[in-house]
Amino acid sequence: MPVALPAIVDNWFATRGWHPRRHQMDMLAAAERGDHALLVAPTGAGKTLAGFLPSLADLIANPTDRLHTLYVSPLKALAVDVRRNLLTPIEEMGLTISVETRTGDTPSDRKARQRVRPPQILLTTPESLSLLLSYPDAALLFSDLKTVIVDEVHAFATQKRGDLLNLSMARLQAINPALRRVALSATVADVDAYRAWLAPDGDIGAVTPVMGEAGAEPNVAILIPEGRVPWSGHSGKYAAKQVMTEIEARQTTLVFCNTRGLAELIFQELWSANDANLPIAIHHGSLSIEARRKVESAMAAGKLRALVATASLDLGVDWGNVDCVIQMGAPKGSSRLLQRIGRANHRLDMASEAVLIPGNRFEYLEARAALDAVEAGERDTDDFRAGSLDVLAQHVMGLACAGPFRAEDLLAEVQSATPYSALTPEAFDHVLHFIEGGGYALRAYDRFKRLTQDTDGSWRVSHPRFVQQHRLNAGIIVDQPALAVRFANGRKLGTVEEGFAATLTPGDSFFFSGMALEVVRMDTSDLVVRATSKQARIPSWGGTRMAMSTRLADRVRHFLAEPQEWHRFPEDVREWLEMQKLRSTLPQPGQLLIETFPHEGRHYLICYSFEGWNAHQSLGMLLTRRMESQGLMPLGFVSNDYALAVYGMKPVTDPKSLFSADILDHEFVDWVEQSSLLKRAFRDVAVISGLIERQHPGKRKTGRQVTFSTDLIYDVLRKYQPDHLLLKAAWADARARMTDVGRLGDLIDRASQTMLHVTLDRVSPLAVPLLILIGREHVAQTAAEDVLLMEAEALVAEAMRAD
């Protein structure tokens, strides 16, 4: 029997001349059967409404004053945006359904009231949900919960925030076994993998896949600059005037950048080219809450012509007046590009308009590969992995704050969360005893004794102060040590990382929040500034770079090996590839090309592997160590997403010996243990697991204090308990997140079988973008730009000479 919408909802659709889409009705049917559901539908297809439609129908038929539906978003901005868009139809239908948000920005008095008198629909984040579960009244609050909706599930399912959310859903399911789970996404490639992630006990058959109707094909162009595609750079700033021309011709444009520093740079470039004085703004995660909310409200009201943004806005934010998206620099993945394209013309039957601005010639190939992937319906795959133990420790402590538990019961509940389905009783026992006393190397310190086992075998929190400590410090996102940027009157603009702040002295200037700011003074927590008209620099933020996806890398490799495709490229890109083919060679797919040549008294080795910046940085460190041991006198290396250049005083005649498989057993382990990578990873897992506090009541530790504390503990554990749970977790992070060891391993494996070594007498065309980086990486003053430009022109002339 076909399902039917409640009359009031059906009438609401009719008054707008709309009709419910097939996938929206399929979601309603899945709900009536009591099935969990995964909806994969294009942006603009009404995914959010499809997710909420069964809840609205049930609340109309069965009114309640209890919490009915929980919506979980990866971003605070998305929760706020969804509330605004959900309230409109609720109000227009005249429904008495309350909708509220609960995030880190929610006032404390409202949070307290929500636990006593919750709305029927609560919009939150994984961290805020986890905190709600840490209260003794959590079982009562969630006892009548009918549905959990996970929006943009692809954004965090494979990460630590996804681990935390899955554990929280396992607890909610234990409170109410009839709870339905729903997930929404536009860019899932492996539907079955996400169904397994979503399902209780990983039971893929319990999750109904709902596939949305195909929408209009997006209209995406690559901007060909006035002049020629640059040899180097990754910002696309050369096209600022052309971007402003696009903005002037549109109603509202979103300009996406891959990093916060790039967003600040591009905003300044656009502002300088903004001859029409159009209202434009900037949005990224380091800006203050007030600044972000002000910009979001202005966008929603149609008051801005352009907004420069990072990933802080590429998920699900629905501003109907956005009619164009511009991507500055390479997109790094077809799924990410599709997500961002979907922010324009947020309607299924209207083509989204987008423009890509490649930063250099390699990025042109990547942009073309991304467009081809989008047209072919190809999505980037996600790598699911076992749940992190530091996240599990935080979750267990949170549940202990809600009340005592028995280990065997909690283990069964944890194992029902798919990321932890293979967790052994021994591993769970290690987690418990870590929370109980920190591990035997730390057992003498009372501040680590957070859990106590009673005589009946149950576990409880050792002292009430640990409950407060947990709620103050819980969370998965570990920010780098940062200072608040403030005006002298106390107004906060946002934060910059301590590492960047340490390079500043009073009188120095930097761009932030779209303004040029001069440093007045600095203390342990604040950077006090004033507006200035002085020349300013762009802040830098740490963290790993987004790597080009493996599928895009494969497509770029195919471009290099298929000259019949080159007619699609701009003339200067074709000339570049043709000269490379003439002077050296172009690698076949699956082949690893190594070039060696002398240049200006140094000897260079270039590895064209296309495995991403993180893997190349790791390989560069390993190769220079091995070259040192072979007496080749390495001087340094540079890398981008596409290739790695290592240079030294002696030529490399046998590159295969440098790339042997044992480099990951010997040099890799030594390098990671001796570098700061493991300490950085340990700092994060120590904070996430609750071993180290970020905040005391009424006081927040500085980043230096947190780092000092974690470094001390790290040294103790390395010496006395090298098999400690947190050291293992830190190693897992260092391998996966910081060094991208998976792609590094693929690269090494490929080297042993497919390496093609070409010896040249001078620099090759394909190597030019890398060699240009060598000068730029060490330049701090813009006065040196002219010298670098002349050097780059000479390098290009040498590489592109046919003889």
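Computed from a prediction, not measured in an experiment: that's the story for all the values here.

**A closer look at a nonpolar patch on the surface**
A surface patch of nonpolar side chains, about 280 Å² in accessible area, is lined by M633, L635 and M649. Within the fold, M633 resides in the loop between α22 (613–629) and β23 (634–639). Overall, M633 belongs to the partly exposed group, its relative accessible area being 43%.

**Examining helix α11 (residues 260–272)**
Think of an α-helix as 3.6 residues a turn; residues three or four steps apart then line up on the same face. Taking 1.5 Å as the rise per residue, α11 with 13 residues should run 18 Å; its terminal C-alpha atoms sit 19 Å apart, in good agreement. Within the sequence span of α11, burial applies to G261, L262, A263, E264, I266, F267, Q268 and L270. Capping the start of α11, T259 holds a side-chain oxygen 3.1 Å from the backbone nitrogen of L262, two or three residues further along.

**Some words on the nonpolar core**
With 110 residues, the main nonpolar core has F142, F428, F659 and F682 as its most contacted residues. Residues within four places of F682 in sequence aside, it is in contact with T710, I713, Y714, L717, L726, L727 and A730. Membership of the second largest hydrophobic core comes to 67 residues, among which are L365, L586, A643 and V758.

**Quick word on unusual backbone geometry**
Even without a glycine there, the phi angle at N277 is positive, about 55 degrees. Inspection of the secondary structure assignment puts N277 in the loop between α11 and β10 (280–283). We note that S513 has phi near 55 degrees; this positive angle belongs to a residue other than glycine. For S513, the location among the structural elements is in the loop between β18 (509–512) and β19 (515–522).

**Brief notes about the pairing of strand β12 (residues 324–328)**
Judged by how many residues are buried, β12 sits mostly within the fold: five of five residues are covered. Side chains C324, I326 and M328 project from β12 onto one buried face, and the interleaved V325 and Q327 project onto a second face that is buried too. In this structure, strand β9 (residues 253–256) lies alongside β12, joined through four bridges in parallel fashion. By the bridge assignment, T253 is partnered in β12 with C324. Strand direction decides the pairing type here: β12 and strand β13 (residues 353–357), joined by four bridges, are parallel. Its bridge partner being in β13, M328 is matched across the sheet by I357.

**Brief notes about the environment of V153**
Position of V153 relative to the elements: it lies in the loop between β5 (147–150) and α8 (160–175). Of the residues examined, V153 reaches a relative accessible area of 1% and is grouped as buried. Residues V153 and L184, spaced 31 residues apart in sequence, show a C-alpha to C-alpha distance of 6.1 Å.

**Section: the packing of aromatic side chains**
One pass over the full model with this rule turns up 18 aromatic pairs. Above the plane of the ring of Y135 lies R471, whose end atom (NZ or CZ) is 3.8 Å from the centre.

Rules behind the numbers
Residues numbered from 1 in each chain as written. Predicted model: local features only at pLDDT ≥ 70, side-chain atom pairs only at ≥ 80, totals over all residues. Heavy atoms only, no water. Patch = residues over 30% accessible without salt bridge, like charges linked within 9 Å, V, L, I, M, F, W, Y side chains within 5 Å. Areas by Shrake-Rupley, 256 points an atom, 1.4 Å probe, with all protein chains shown as cover. Salt bridge = Lys/Arg side-chain N within 4 Å of Asp/Glu carboxyl O. Helix = DSSP H or I, 4+ residues; strand = E, 2+ residues; numbered from the N terminus. Buried < 20%, exposed > 50% of the residue type's maximum accessible area, 1.4 Å probe, protein only. Expected span 1.5 Å × (residues − 1). Polar contact = N/O pair within 3.5 Å; in protein donor to acceptor, adjacent residues only side chain to side chain. Core = buried A, V, L, I, M, F, W, Y, C linked by side-chain atoms within 4.5 Å. Contact = heavy atoms within 4.5 Å. Pairing = 2+ DSSP bridges. Phe/Tyr/Trp six-rings, centres within 6.5 Å; stacked < 30°, edge-to-face > 60°. Lys NZ or Arg CZ within 6 Å of the ring centre and 35° of its normal.

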